[in-house]
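Listed below, chain by chain, are the residues.
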Amino acid sequence: MTKDVLSAIGSAARGLLRDWPALAALAVLYAALASACGLFITTREATTWQVFLTFALAAVVPVLLFVVLAGCAYYAVGHRRAVPLVVRSLTGFWKVLLLGLPVLALTVLTVWGMNKLERRVRHDPAADAAAIAETFSGDSAADSAGSADSDESAAQRKPQVRWAYVFYWSLRLLLLGLVLPLLAAHLWLAAARHGLGWALRNVHRLVARAFSPRSVFIYAVGMILFALLPYFLITRGGLVGTGWLAVALFSARIGLALLLTLFGWLVTMTALARTFYDGGPAAVAA
């Protein structure tokens, strides 16, 4: 399975580089989405025109998001010509929107439930203060007893691992970073390949297909490209130079991270499509 997955991802990456006009067309749509998001964040609500622009961008940004996602899905299932791909994305994004609404509802419900759970496992400053006070009292007794007890008191000062909190964050990342995005990807691919009706009638098959070992492995490898590398590129690079040079280099890193995100997502979607949706639906036990 590992060899087949890596072969599918490599083939998808090479095919995407060969189909550079389609990649460029999707990059233009993606740049429009990023520009609209930046303009929405930086626009102040002071004048009538700015208020109107803010409301307009609030409606445009979700539409552009689903247009880009639809374009990625249509490219993955075989629409490789740039202009027809953009036209199909603009006319068929509503399918991705309709299938994305239940996933969005599940995301909101998951965030609400995880926030409720966090209150039960949250870090308690009062308990830590009591533990520190107990540790210092133990240190005083250890100093009077001699150097043999100092090692034990030093060991007591080490912070304890809060396994409940570790489990909470692992579950949160699993649900929001893997389960829901992978389910959405398969729904969008099925709608682009077979139509919205087929995807709705075969949701149970798509769920089983989404969480099969091969699908999870493809998504995990692709996540390195569209999530981990852009994250470290933005947060771990540091500032180089001063003034306009630092601004230019930081902007270049942001642009490269965004392009890498688009490239990685397209490669992941194409690998999933070639594995599960080329030649008809794959036989997966529900």
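Placed above this text is the structure.
Note that the structure is predicted; figures quoted are calculated from it, not measured.

1. Regarding the pattern of salt bridges
- Counted according to the given criterion, the structure contains two salt bridges.
- One salt bridge in this structure joins Asp4 and Arg214, with 3.8 Å as the shortest N-O distance. A residue pair is termed long-range when its members are at least 10 positions apart, and Asp4 in helix 1 (residues 2–18) and Arg214 in helix 10 (residues 213–235) qualify at 210 residues.
- Classification of Arg214 as partly exposed rests on a relative accessible area of 29%.

2. Comments concerning helix 4 (residues 82–121)
- Its 40 residues place the ends of helix 4 only 50 Å apart at the C-alpha level, less than the 58 Å of an ideal helix rising 1.5 Å per residue.
- When the local axis directions of helix 4 are compared, the greatest deviation, roughly 50°, occurs at Gly92.
- Taken as a whole, helix 4 has its buried residues at Leu85, Ser89, Gly92, Val96, Leu99, Gly100, Val103, Thr110, Met114, Glu118 and Val121.
- Buried positions along helix 4 lie against helix 2 (20–42), helix 3 (48–76), helix 7 (163–194) and helix 8 (196–201).

3. Some details on the packing of helix 2 against helix 3
- Viewed as axis vectors pointing N to C, helix 2 and helix 3 meet at an angle of 155°, and their least axial separation amounts to 9 Å. Regarding the angle of helix 2 to helix 3, the classification is roughly antiparallel. Between helix 2 and helix 3 the crossing geometry is left-handed. Seen from helix 2, the contacting residues are Ala22, Leu26, Leu29, Tyr30, Ala32, Leu33, Ala36, Cys37, Leu39 and Phe40; seen from helix 3, they are Leu53, Thr54, Leu57, Ala58, Val61, Leu64, Leu65, Val67, Val68, Gly71, Cys72 and Tyr75.
- Considering only residue class, the contact of helix 2 with helix 3 consists of 20 nonpolar, two polar and no charged.

4. Let's talk about the packing of helix 7 against helix 10
- Their axes nearest at 11 Å, the elements helix 7 and helix 10 cross at an angle of 110°. Of the possible angle classes, the one that applies to helix 7 and helix 10 is roughly perpendicular. Mapping the contact onto sequence places Gly177, Leu178, Pro181, Leu182 and His186 in helix 7 and Ser215, Val216, Tyr219 and Met223 in helix 10.
- Each residue belonging to the contact of helix 7 with helix 10 can be placed in one class, and the counts come to six nonpolar, three polar and no charged.

5. Notes on the layout of surface pockets
- As a volume, the largest pocket reaches approximately 760 Å³.
- Lining the largest pocket are 24 residues, with Leu65, Leu69, Pro181, Trp188 and Trp265 sitting closest to its centre.
- Of all elements in the fold, only helix 2, helix 3, helix 4, helix 7, helix 10 and helix 11 (244–276) reach the threshold of two or more residues within the lining of the largest pocket.
- Among the elements that line the lining of the largest pocket, the one with the most residues is helix 7, at six residues.

About the cut-offs
- Residues numbered from 1 in each chain as written.
- Predicted model: local features only at pLDDT ≥ 70, side-chain atom pairs only at ≥ 80, totals over all residues.
- Heavy atoms only, no water.
- Salt bridge = Lys/Arg side-chain N within 4 Å of Asp/Glu carboxyl O.
- Helix = DSSP H or I, 4+ residues; strand = E, 2+ residues; numbered from the N terminus.
- Buried < 20%, exposed > 50% of the residue type's maximum accessible area, 1.4 Å probe, protein only.
- Expected span 1.5 Å × (residues − 1).
- Bend = angle between axes of the 7 residues up to and from the residue.
- Contact = heavy atoms within 4.5 Å.
- Axes fitted to C-alpha atoms, helices over the stretch in contact; angles between N-to-C directions.
- Parallel < 35°, antiparallel > 145°, perpendicular 65-115°, else oblique.
- Left-handed = near helix turned anticlockwise from the far one by under 90°.
- Nonpolar A, V, L, I, M, F, W, Y, C, P; charged D, E, K, R; others polar.
- 1 Å grid on protein atoms, 1.4 Å probe; cavity = no way out; pocket = protein on both sides within 12 Å on 5 of 7 lines; lining within 4 Å.
- Points joined across faces, edges and corners; volume = space filled by probe spheres on them.

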